[in-house]
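So you can see what is in the structure, the chains are spelled out below.
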Amino acid sequence: MIDVQLREEDVVAASRAHFRLQLTNPVFLIVFGLMILILGAGIIIELAAGRLDLFLSGALAFIVLMLALLWFWTVPRTARRAFRQQAGLRYPTSYEWDEAQFRVRSQAGESRLSWDDIFAWHATPDMILIYLSGNLYHLVPARVFPSADERAVLEGLLAGHGVPTRRAGGRKS
């Protein structure tokens, strides 16, 4: 059993990890790539003609600025707001796992999930996200594991029970 008091920065790290997966969604990548390709081609054509349309270069800069704004401001701000609004994230929480199930318990309630009930999982150096659906997850910060071996046990149980990993593109593997 692992007891943890989630921190605001844990929720921000989990939100960024989830957002990073969403950014690699194939539909997003295709649309984004086409936009960049069209804008880049327009800029090259304008430069070859000896003029540069400020709209094209401005549009490209706008796209880059919007992604930076999402990563550095919107995602953390939304995660911090969720941490303040969702009392269950601020309660001390216990995580337990064994061959039969993964359990999360706090003052807000209890979740007992058989390994087959888990939608997917995703690990980063800072976090393990245990997905209940495409956008709903339990977060287990890496800092709460007493050792790398204990983290490996959880990851091994997830993999060993056939729980799919959440891949780039937000899909299960």
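Here the structure is shown first, and the text comes after it.
Below is a summary of the structure that appears in this document. (Residues numbered from 1 in each chain as written. Predicted model: local features only at pLDDT ≥ 70, side-chain atom pairs only at ≥ 80, totals over all residues. Heavy atoms only, no water.)

### A word on the side chain of H122
For clarity, the threshold we go by: Counting from the N terminus, the helices are DSSP H or I runs at least four residues long and the strands are E runs at least two residues long. Between buried and exposed lies partly exposed: a residue is buried under 20% and exposed over 50% of the maximum accessible area for its type, with that area taken using a 1.4 Å probe on protein chains only. A 3.5 Å cut-off defines polar contacts: any pair of N or O atoms within that distance qualifies, except that in protein one atom must be a possible hydrogen donor and the other a possible acceptor, and neighbouring residues in sequence count only when both atoms are side-chain atoms.
Its place among the elements puts H122 in strand β5 (residues 120-123). The class of H122 is buried, set by a relative accessible area of 15%. At a separation of 3.3 Å, a polar atom in the side chain of H122 contacts the main-chain carbonyl oxygen of R166.

### Things to note about the nonpolar core
Soluble globular proteins tend to bury their nonpolar side chains together. Formally: We define the nonpolar core as a collection of buried residues of types Ala, Val, Leu, Ile, Met, Phe, Trp, Tyr and Cys that are connected through side-chain atoms lying within 4.5 Å of one another. When checking whether two residues touch, look at their non-hydrogen atoms; a contact exists if any pair is within 4.5 Å.
Formed by 34 residues in total, the largest nonpolar core has its most connected members in W97, F102, W115 and L158. If we ignore the near neighbours within four places in the chain, the residues touching F102 are Y95, E96, W97, S111, R112, L113, W115, I118, I130, H138, V140 and L154.

### Focus on the layout of surface pockets
Which entries qualify depends on this criterion: Put plainly, a pocket is an open set of points on a 1 Å grid over the protein atoms alone with protein on both sides within 12 Å along at least five of seven lines, a cavity is a set where a 1.4 Å probe fits but cannot get out, and a lining residue has an atom within 4 Å of a point. Grid points are joined across faces, edges and corners, and a volume is the space filled by probe spheres set on the points.
In this structure, the largest pocket occupies an estimated 670 Å³ of space. Forming the boundary of the largest pocket are 29 residues, of which Q86, L89, L136, Y137 and L139 lie nearest the centre. Secondary-structure elements contributing two or more residues to the lining of the largest pocket are α1 (8-23), α3 (54-85), β2 (92-97), β3 (101-106), β4 (109-114) and β7 (137-141). For the lining of the largest pocket, the element with the highest residue contribution is α1, accounting for 6 residues.

### Focus on helix α4 (residues 148-160)
Definition in use: Take the residue count of a helix, subtract one, and multiply by 1.5 Å to get its expected span. Directions from the helix axis toward the C-beta atoms define the arc.
For α4, spanning 13 residues, the distance from its first C-alpha to its last is 17 Å, which sits close to the expected 18 Å at 1.5 Å a residue. Every buried residue of α4 is accounted for by R151, L154, L157 and L158. In an axial view of α4, the angular spread of the buried residues amounts to 125 degrees, which keeps them on one side of the axis. Away from its buried face, by an angle of more than 90 degrees, α4 presents the exposed residues A148, D149 and G160. Check the buried side of α4 and you find it contacts β2, β3, β5 and β6 (127-131).

### Things to note about the pattern of salt bridges
Just so we agree on the cut-off: Whenever Lys or Arg places a side-chain nitrogen within 4 Å of a carboxyl oxygen from Asp or Glu, that contact is recorded as a salt bridge.
A full pass over the atoms with the stated rule returns 8 salt bridges. Close ionic contact of E8 with R80 constitutes a salt bridge, the shortest N to O distance being 3.4 Å. Taken together, the residues E8 in helix α1 and R80 in helix α3 connect sequence positions 72 residues apart. Here E110 and R112 are joined by a salt bridge, their closest N and O atoms 2.7 Å apart.

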